Structures are given as C-alpha cells and as structure tokens.
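What the coordinates show
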Amino acid sequence: MTLLSDQADDIRALVGSADPGAVWAVGGPEGVEAASHSGDPGDAGEADLDVGGLAAVLALWPAIGSLVEEGALRLHTPLTAYGDEAAAGTPPGTTAHHLLTHPDGTTALTRLAEHLSGSPLAELAATRVWHPLGMTRTRFADDTLRAPLADLVRFLRHLLSPAEPADRAADPAEPADPPKPGAPVDPSGPAGITRAWTSESLRIRTGELTPARGLLWHPAPHGVWTHPAPAPGGPALWISPRHRRWALLLPTDRATPLRTAFRAAAFALP
C-alpha cells in the first residue's frame, strides 16, 4: 500500500497543528514515503534522537528473538530452568512468554537476556541486531537509547522484509534441540530479525484475556500492530505486514494526545 500525496499532506497538517517539532515518518519495505525531515546530512532527521522510550522494541525484543532463534531460550519454559539469577524477582512458574505479554516484564526480560548471553543488553543488541541491519549509529549513551531517523527506518523496513537464516527452527516459540539450560551462548549468535520471530510476535498471544497482546507488540485496528512507549504521549512504532506499511512518531509535546490520530492517518486506506 503506497502512501498517496494527499494522505501525506493530511499527516503533515495533523502533526504540524498538534506538535510541529515531532519527528515522524511513514513508509514501506522500499523506504520512506513521507517524513518530517529529509534525512539529508545536517538535517534534524539525521540527529541522534532520544528513543529511550522504545528501547524495549528496538533492543530487547530482537535480542530475545535471537536467543529463541538459536535455541538458548524456550518461551514456555519456567525461568527457574535457566538458573536462580534468571528467575530472580519473578513469581514461581514465570516464563519468557509471560514477560513478553506483560507490560511490566521488561526489567526481568533484560536480566534474562543478559544472563543467557553473558553480555550487557547494549552489546547483545549491537552485535546481533543493530550492526547486521546497518544501524551503526544506534547506541546507548547518556542513560538512554539514541538513534538517527535513518536507523529507525532501517529497523522498520527490515520487519517487512526480514532475513531468513537457512538453519532457523520451524517454530521459534519452541525451537528444536535447544542447548541445555545454562549452557554457554555464542555472543555473536543469529544476526538480524527473522520473519518467523516477527510473525510469532505479531499475533495474539494472550488468548481471550484483555487487553490482547503479542510479544511486546500490541494489536491496533485494521491489521496494525504498535509498540508504544510506556509513558502516555510518548513515542511509538507501528507495523502492518498486511498493508506493507510502517510508521513512527517521536513527539515533543507529550501533553497533546497525537498517537491515535497519527496512526489512523498513517494507515488510512486510499
């Protein structure tokens, strides 16, 4: 689904009236179709943006996916199987699946990823996700995650056309022949984000419970999935494999409710 010029104009008018300083972009697998900034050198779109509110989806979610991909982590295995440190601070019986579908699970997930990989999340994400995708300027700095608009575009484009390692397991949720819990994990590991992990994440994983959840992604109307920052009015990413479209919004005025209207405009049918 290609963004039409009048749709792009509607988005510009919407953001311009509500939050003129916001950084935003809408596009598909081929790249950006409309954006707040051109991305030229020296343009504000190429500045290193504070995307700390999106660290869970830009760093943690793909890092967990890489551990699942290589068989170091089973989503439905209790965390105690990976050692006391992996399960610290969680109720008995907690699994990675529980944490991925719970709004407050990111701290325990980060501890789990670092325990299994033996590396800080920043190193794990850089080695396995950001550098393979060409996101060479994405990094943790000054107590937050920073990335230029171009790197965020690379990430979202990849979700619509992800890599397919030849040796990936048929079901990423329950990989075949995983290493024994506590076995050493290769820090390099699988690179990028596979189509299987994206597909498993962008489906309802909570049954009939409400609110419905995927794996760190939330369903939105009309086949769209979103990962919003925890704080109201914060940044958000959207992806729709059905419509072959992605969108991102980094507001500057968090007092103005813009996310819902922006999503509706970005994914409006022509």
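An account of the accompanying structure is given in this report. (Residues numbered from 1 in each chain as written. Predicted model: local features only at pLDDT ≥ 70, side-chain atom pairs only at ≥ 80, totals over all residues. Heavy atoms only, no water.)

**A closer look at the sheet that holds strand β2 (residues 31–35)**
Pairing is antiparallel in the open sheet, where six strands are placed in the order β2-β1-β9-β8-β7-β6. The open sheet has two edge strands with one neighbour each: β2 and β6 (218–220). Recorded for the sheet is a direction-independent mean angle of 25 degrees between the axes of neighbouring strands. As paired strands, strand β1 (residues 23–28) and β2 are joined by four bridges and run antiparallel to one another. Residue pairing for β2: Gly-27 is matched across the bridge by Val-32. Across the sheet, helix α1 (residues 5–18) is in contact with β1, β2 and β9 (245–250); its angle to β1 comes to roughly 160 degrees. (Pairing = 2+ DSSP bridges. Helix = DSSP H or I, 4+ residues; strand = E, 2+ residues; numbered from the N terminus. Axes fitted to C-alpha atoms, helices over the stretch in contact; angles between N-to-C directions. Contact = heavy atoms within 4.5 Å.)

**Things to note about helix α5 (residues 106–117)**
In this model α5 runs 16 Å from its N-terminal to its C-terminal C-alpha over 12 residues, within 8% of the 16 Å that 1.5 Å per residue would give. Three or more residues of α5 are buried, namely Ala-108, Leu-109, Leu-112, Ala-113, Leu-116 and Ser-117. The buried side chains of α5 occupy one side of the element, clustering within an arc of 155 degrees when seen end-on. Of the surrounding secondary structure, the elements contacted by the buried residues of α5 are α2 (55–69), α3 (84–87), α4 (96–100) and α6 (121–130). Looking one or two places after α5, you find Gly-118, whose phi comes out positive at around 70 degrees. (Expected span 1.5 Å × (residues − 1). Buried < 20%, exposed > 50% of the residue type's maximum accessible area, 1.4 Å probe, protein only. Arc of directions from axis to C-beta.)

**Examining helix α9 (residues 259–266)**
Note that an α-helix has 3.6 residues per turn; residues three or four places apart therefore point the same way. Among all positions in α9, only Phe-262, Arg-263, Ala-265 and Ala-266 are buried. The buried residues of α9 all sit within an arc of 165 degrees when viewed along its axis, so they share a single face. Check the buried side of α9 and you find it contacts α1, β1, β6, β7 (224–228), β8 (236–240) and β9.

**A closer look at the packing of α2 against α6**
Remark: α2 packs on α6, axes separated minimally by 9 Å, with the N-to-C direction vectors making an angle of 70 degrees. The pairing of α2 with α6 is recorded here as roughly perpendicular in orientation. Touching Leu-58, Ala-59, Leu-60, Pro-62, Ala-63, Ser-66 and Leu-67 of α2 are Leu-121, Leu-124, Ala-125, Arg-128, Val-129 and Trp-130, all from α6. Looking at the contact of α2 with α6 residue by residue, the classes come out as 11 nonpolar, one polar and one charged. (Parallel < 35°, antiparallel > 145°, perpendicular 65-115°, else oblique. Nonpolar A, V, L, I, M, F, W, Y, C, P; charged D, E, K, R; others polar.)

**Description of the pattern of salt bridges**
Under the definition given, this model contains seven salt bridges. Between Arg-12 and Asp-9 there is a salt bridge, with its nearest N and O atoms 3.4 Å apart. On the criterion of helical spacing, the pair formed by Arg-12 and Asp-9 is a turn pair, its members being three residues apart in helix α1. A relative accessible area of 39% places Arg-12 in the partly exposed class. Bridged by salt links that share partners, the residues Asp-48, Arg-137 and Arg-139 form one connected network. (Salt bridge = Lys/Arg side-chain N within 4 Å of Asp/Glu carboxyl O.)

**Notes on the sheet that holds strand β4 (residues 139–141)**
In space, the three strands of this open sheet follow the order β3-β5-β4, with antiparallel pairing throughout. The sheet is open, and its two borders are formed by β3 (49–50) and β4, each paired with just one other strand. As judged from the three bridges shared by β4 and strand β5 (residues 144–147), these two strands associate in the antiparallel manner. Its bridge partner lying in β5, Arg-139 is registered against Arg-146.

**Comments concerning the packing of α2 against α5**
Following both chains from N to C, one finds α2 and α5 inclined at 45 degrees, their axes separated by 10 Å at the closest point. One finds that α2 runs oblique with respect to α5. Viewed along their axes, α2 and α5 form a crossing whose handedness is left-handed. On α5, the residues touching Ala-56, Leu-60, Ile-64 and Leu-67 of α2 are Thr-106, Leu-109, Thr-110, Ala-113 and Leu-116. Here the residues of the contact of α2 with α5 sort into seven nonpolar, two polar and no charged. (Left-handed = near helix turned anticlockwise from the far one by under 90°.)

**Notes on the pairing of β5**
Summarising the sheet, β3 and β5 pair through two bridges and their orientation is antiparallel. From the neighbouring strand, Leu-49 faces β5, where its bridge partner is Ala-147. As consecutive antiparallel partners, β4 and β5 are separated by two residues, and within that stretch Asp-142 has a phi angle of approximately 55 degrees, a positive value.

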